[in-house]
Amino acid sequence: MYPDEKHLLIELSAGSADSFQKLYERWVPRLYSFVYRYVKSEDVTDDIVQETFLRVWTNRQGLNPSCSFKSYLFTIAYHLLLKELRRQLNNPSMEDYVEYEYQMGTSGEYIERHIDFEHFQAKLAKAKAKLTPRQREIFELNKEQGLSAADIAARLSITEQVVRNQLSASLKVIRTELQPYAGLLTLFFLLNNM
């Protein structure tokens with residue numbers, strides 16, 4: 001946290017447009033860079049960054065100056081980014097892009113790198129077998145059925161923190177086991193959480 005950031009957050013929560021502007025100028029370059037890395041579109045990046053700061057302004061009275069503003073800001077942007085990526089996955093041009101990538105990956109010199117979805121699912125099942133029964137249940141409820149941590153906690157009569165801890169542990173195992181399939185794993189998570 002910048003030395004005077006806490007002071008700016010206190011003023012912002014009281015409605016200071018000047019403090020908002022200072023925080024905006026301080027954080028826009030980093031936030032823009034973060035979002036652009038994923039969407040590769042200046043217009044879409046501008047929209048996400050603007051929406052992020054709009055939400056900061058709208059929810060300014062609920063800001064906690066003692067908490068990390070960076071984490072708060074990037075969490076908002078991350079969720080907006082995921083929403084945009086999901087929207088793009090439903091776009092016909094994204095389907096064309098995925099098909100193009102698939103064709104490129106299965107032609108000529110890239111034939112050895114061909115990965116079919118059944119093989120990926122077999123590897124995923126093998127990775128899930130390495131989880132504890134509770135980790136597997138939480139992973140499937142969240143990543144395959146799209147339930148939130150709160151919904152899972154209510155369903156399993158456990159705390160949300162336990163859900164988050166178990167999910168985090170299971171994701172470490174899954175990502176390690178499926179490292180060669182990182183792209184498909186990301187796509188799988190996005191498609192199953194729409």
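Everything numeric here is computed off the predicted structure, so don't read it as measured data.

Engineer: So what exactly am I meant to see when it comes to the overall build of the protein chain here?
Structural biologist: In terms of helices and strands, the protein chain carries 10 helices and zero strands. For the protein chain, the proportion of its 194 residues judged to be buried stands at 32%. Across the protein chain, every contact between residues at least 6 apart in sequence was considered, and the portion connecting residues at least 24 apart equals 60%. When the accessible surface of the protein chain is split by element, carbon and sulfur atoms take 52% of a total near 12100 Å².

Engineer: Whenever I open this one, the nonpolar core confuses me. Can you help?
Structural biologist: Side chains that are nonpolar tend, in soluble globular proteins, to be buried together. One finds Leu31, Val35, Phe53 and Leu73 to be the most contacted residues of the largest nonpolar core, which totals 25 residues. Those elements that provide at least two residues to this core are helix 1 (5-13), helix 2 (17-39), helix 3 (42-58) and helix 4 (69-89). Each residue touching Leu73, except ones within four places of it in the same chain, is listed here: Trp27, Leu31, Thr52, Phe53 and Val56. Core analysis: the next-biggest nonpolar cluster, separate from the first, contains 15 residues, Ala127, Phe139, Ala153 and Leu171 among them.

Engineer: For this particular structure, what's the right way to read helix 9 (residues 160-177)?
Structural biologist: Side chains of residues three or four places apart in an α-helix project in the same direction, reflecting 3.6 residues per turn. In a regular helix each residue adds 1.5 Å, so 18 residues correspond to 26 Å; helix 9 covers 26 Å between its end C-alpha atoms and thus fits that length. All of the buried residues in helix 9 are Val163, Leu167, Ser170, Leu171 and Ile174. Along the long axis of helix 9, the arc covered by the buried residues comes to 110°, so they all point the same way. Turned more than 90 degrees away from the buried face of helix 9 sit Lys172 and Thr176, all of them exposed.

Engineer: In this structure, what is going on with unusual backbone geometry? I would like to understand it.
Structural biologist: Both trends apply: most residues other than glycine have a negative phi, and most peptide bonds are in trans. Positive phi is not limited to glycine here, since Ser157 has a value of about 55°. In this fold, Ser157 is placed in the loop between helix 8 (149-156) and helix 9.

Engineer: Sorry if this is basic, but what is going on with the confidence of the model for the protein chain here?
Structural biologist: In low-pLDDT regions, the fine details of the predicted coordinates are not to be read closely. Across the protein chain, the average pLDDT comes to 79, with 74% of residues at 70 or higher. Taken element by element, the protein chain is modelled with least confidence in helix 5 (residues 92-105), mean pLDDT 51, and with most confidence in helix 8, mean pLDDT 92. In the model, residues 105-116 has pLDDT below 50 throughout and makes 12 contacts with residues more than four positions away in sequence or in other chains.

Engineer: Would you mind going over the pattern of salt bridges with me for this structure?
Structural biologist: Pairing is possible between side chains that carry opposite charge, provided their charged atoms lie close to one another. The full count for this structure, using the stated rule, is nine salt bridges. Among the ionic pairs, Arg136 bridges to Glu140, the shortest N-O distance being 3.0 Å. A residue pair is termed a helical-turn pair when its members lie 3 or 4 positions apart in one helix, as Arg136 and Glu140 do in helix 7 (residues 133-144) at four residues. You can call Arg136 partly exposed: its relative accessible area is 31%. In this structure Glu140 comes out as partly exposed when scored by relative accessible area, which is 22%. Taken together, the shared-partner salt bridges in this structure form one network comprising Asp4, Glu5 and Arg26.

Engineer: Looking at this structure, how should I read the side chain of Thr45?
Structural biologist: Among the structural elements, Thr45 can be located in helix 3. Those residues in contact with Thr45, other than ones at most four positions away along the chain, are Tyr32, Val35, Tyr36 and Val39.

Engineer: How should the packing of helix 7 against helix 8 be read in this particular structure?
Structural biologist: Packed helix pairs are specified by the crossing angle of their axes together with the interaxial distance, meaning the distance between the axes. Across the interface, helix 7 lies against helix 8 with an axial gap of 10 Å and an inter-helix angle of 135°. Relative to helix 8, the element helix 7 is oriented oblique. Considering the relative orientation of helix 7 and helix 8, their crossing is right-handed. From helix 7, Arg134, Glu137, Ile138, Leu141 and Asn142 reach across to helix 8, where they touch Ile152, Arg155 and Leu156. The residue makeup of the contact of helix 7 with helix 8, split by class, is four nonpolar, one polar and three charged.

Analysis parameters
Residues numbered from 1 in each chain as written. Predicted model: local features only at pLDDT ≥ 70, side-chain atom pairs only at ≥ 80, totals over all residues. Heavy atoms only, no water. Helix = DSSP H or I, 4+ residues; strand = E, 2+ residues; numbered from the N terminus. Buried < 20%, exposed > 50% of the residue type's maximum accessible area, 1.4 Å probe, protein only. Contact = heavy atoms within 4.5 Å. Areas by Shrake-Rupley, 256 points an atom, 1.4 Å probe, with all protein chains shown as cover. Core = buried A, V, L, I, M, F, W, Y, C linked by side-chain atoms within 4.5 Å. Expected span 1.5 Å × (residues − 1). Arc of directions from axis to C-beta. pLDDT = per-residue confidence, 0-100. Salt bridge = Lys/Arg side-chain N within 4 Å of Asp/Glu carboxyl O. Axes fitted to C-alpha atoms, helices over the stretch in contact; angles between N-to-C directions. Parallel < 35°, antiparallel > 145°, perpendicular 65-115°, else oblique. Left-handed = near helix turned anticlockwise from the far one by under 90°. Nonpolar A, V, L, I, M, F, W, Y, C, P; charged D, E, K, R; others polar.

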